[in-house]
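The residues making up each chain are set out below.
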Amino acid sequence: MRVVIFCDMEGVSCIETWEQVSSGTAIYEECRKLYTDEMNAAVRGARAAGARDVVVVDCHGAGGAHNFKSFVPERLESGAEYVFGHPWARYIEAFEQRCDAILFVGAHAMAGVPDGVLCHTVSSESWHNASINGTLVGESGILAAIAGCWDVPVAFASGDAATCREVQQLLGTEVVTAQVKKGLGRFSSVNMAPKDACSLIEMRVAQALSLKNWPKPLKFEGPVTFKVELATPDNTRDFINRPGVKIEDARTVTSTAGTFWHAWDQFWYRH
């Protein structure tokens, strides 16, 4: 069994401020350990369930020298491969080579969710909403839709209560979740102790991969349109003259293609 674990920092227990997830701050260095430990727990759970190949992707854009490289190298769990420094939601090699399931660790809710800790979609400053064929999605939905292009389902997700709710509402209650905190707002939460959060993640990942009661892959019938509502009109300038991408109005950009992966791919393509 081969699994891919997509990891982010905002959904990790005891993290609820931007300073904790932004490269260059003292508290970020502390929180990298929390992030690494929750990911390690997922790796242990996957291995315990019989996963022979475990690929972990650091999906956290911390900025600076740690952009998509926030794990602490000397703390990494053995028995897995780690993808560092790759652009967000662009790593598909494991899908192309065959993959059984994907897992989300440290995931966060989409933009605008009242009880979503550090909630945002892709960009906390320039994106307002994103949707696929009219279905509102956050980052977990985007990753699930990419995996769905290769018929890969989501088996597990950890994060706050809002994220667990969002993932199950979109993909199905078959997704096993590990709620490690509950948002009291965007910048406050009630958290599990980190050791308890890691124990829960390890146990639930092993459960999810052992039972294999996974939901169907998230697939959208073509043509597929990815729409982003931007925060301000000046953000549309980045999408001028991109093939397949259309500026609909002052704050709305769409990308349409036969599959979601191609719509997503051309959304980021530059001449």
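Residues numbered from 1 in each chain as written. Predicted model: local features only at pLDDT ≥ 70, side-chain atom pairs only at ≥ 80, totals over all residues. Heavy atoms only, no water.

## Some points on the overall build of the protein
Stage number 1. Helix and strand counts for the protein stand at seven helices and twelve strands.
Stage number 2. In terms of overall size, the protein behaves like a compact globule, its C-alpha atoms giving a radius of gyration of 18 Å where 271 residues would be expected to give roughly 18 Å.
Stage number 3. Principal-axis analysis of the C-alpha atoms places the extent of the protein at approximately 50 × 40 × 30 Å.
Stage number 4. Scored against the burial criterion, the 271 residues of the protein give a buried share of 54%.
Stage number 5. Sequence-distant contacts in the protein: of pairs separated by 6 or more residues, those separated by 24 or more amount to 69%.
Stage number 6. For the protein, the distance from the average site of its 25 positive side-chain charges to the average site of its 32 negative ones is 2 Å. (Helix = DSSP H or I, 4+ residues; strand = E, 2+ residues; numbered from the N terminus. Rg over C-alpha atoms; globule rule 2.2 N^0.38 Å. Buried < 20%, exposed > 50% of the residue type's maximum accessible area, 1.4 Å probe, protein only. Contact = heavy atoms within 4.5 Å. Lys, Arg positive; Asp, Glu negative; His and termini not counted. Charge placed at Lys NZ, Arg CZ, Asp CG, Glu CD.)

## A closer look at the pairing of strand β10 (residues 224–230)
Stage number 1. The alternating pattern of β10 places V224, F226, V228 and L230 on a buried face and T225, K227 and E229 on a face that is not buried.
Stage number 2. Summarising the sheet, strand β5 (residues 127–132) and β10 pair through five bridges and their orientation is antiparallel. Looking at the pairing, A130 lines up with V228 of β10.
Stage number 3. Here six bridges tie β10 to strand β12 (residues 252–257), and the two strands are oriented antiparallel to one another. Bridge pairing in β12 places E229 opposite T252. (Pairing = 2+ DSSP bridges.)

## So, the packing of helix α4 (residues 139–148) against helix α7 (residues 260–268)
Stage number 1. For the pair α4 and α7, interaxial distance at closest approach is 8 Å and the crossing angle is 120°. By the angle between their axes, α4 is oblique relative to α7. For the pair formed by α4 and α7, the contact residues are I142, A145 and I146 on the first element and F260, W261 and W264 on the second.
Stage number 2. Of the residues in the contact of α4 with α7, the class split is six nonpolar, no polar and no charged. (Axes fitted to C-alpha atoms, helices over the stretch in contact; angles between N-to-C directions. Parallel < 35°, antiparallel > 145°, perpendicular 65-115°, else oblique. Nonpolar A, V, L, I, M, F, W, Y, C, P; charged D, E, K, R; others polar.)

## So, the packing of aromatic side chains
Stage number 1. All chains considered together, the criterion is met by 20 aromatic pairs.
Stage number 2. Between F226 and F267 the ring centres are 5.2 Å apart and the planes differ by 85°, which places this aromatic pair in the edge-to-face class. Taken as a pair, F226 in strand β10 and F267 in helix α7 lie far apart in primary sequence, 41 residues in all.
Stage number 3. The exposure class assigned to F267 is buried, which follows from its relative accessible area of 0%.
Stage number 4. Taken together, a centroid distance of 4.7 Å and an interplanar angle of 40° make the contact between F239 and F267 tilted. Taken as a pair, F239 in the loop between β10 and β11 (245–249) and F267 in helix α7 lie far apart in primary sequence, 28 residues in all. (Phe/Tyr/Trp six-rings, centres within 6.5 Å; stacked < 30°, edge-to-face > 60°.)

## Side note on the sheet that holds strand β4 (residues 101–107)
Stage number 1. Spatial strand order, β3-β2-β1-β4-β7-β8-β9: seven strands in an open sheet with mixed pairing. Only two strands of the sheet have a single neighbouring strand rather than two, namely β3 (81–83) and β9 (188–191). For this sheet, the mean angle separating the axes of adjacent strands, direction not counted, is 20°.
Stage number 2. Where helix α5 (residues 161–171) meets the sheet, its contacts fall on β4, β7 (154–160) and β8 (176–185), and the angle it forms with β7 comes to roughly 155°.

## Concerning the pattern of salt bridges
Stage number 1. By the definition in use, this model includes nine salt bridges.
Stage number 2. For D37, the salt bridge goes to R75, with nearest N and O atoms at 2.9 Å. With D37 in helix α2 (residues 26–48) and R75 in the loop between β2 (53–58) and β3, this residue pair connects regions lying 38 residues apart in the sequence.
Stage number 3. For D37, a relative accessible area of 24% translates into the label partly exposed.
Stage number 4. Judged by relative accessible area, which is 35%, R75 ranks as partly exposed.
Stage number 5. R44 serves as the salt-bridge partner of E77, at 3.2 Å between the closest nitrogen and oxygen. Taken as a pair, E77 in the loop between β2 and β3 and R44 in helix α2 lie far apart in primary sequence, 33 residues in all.
Stage number 6. By relative accessible area, which is 23% here, E77 ends up partly exposed.
Stage number 7. Exposure remark for R44: the relative accessible area of 29% places this residue in the partly exposed category. (Salt bridge = Lys/Arg side-chain N within 4 Å of Asp/Glu carboxyl O.)

## Description of the sheet that holds β5
Stage number 1. The strand order across the open sheet built from five strands is β6-β5-β10-β12-β11, with neighbouring strands paired in antiparallel fashion. Of all strands in the sheet, those bounded by a partner on one side alone are β6 (135–136) and β11.

## Details of the nonpolar core
Stage number 1. Counting 45 residues, the largest nonpolar core has F95, I102, F226 and W264 as its most contacted members.
Stage number 2. By residue number, the principal contributor to this core is α4, which donates six residues.
Stage number 3. Grouped together as the second largest cluster of nonpolar side chains are 39 residues, M9, V12, A155 and A178 included. (Core = buried A, V, L, I, M, F, W, Y, C linked by side-chain atoms within 4.5 Å.)

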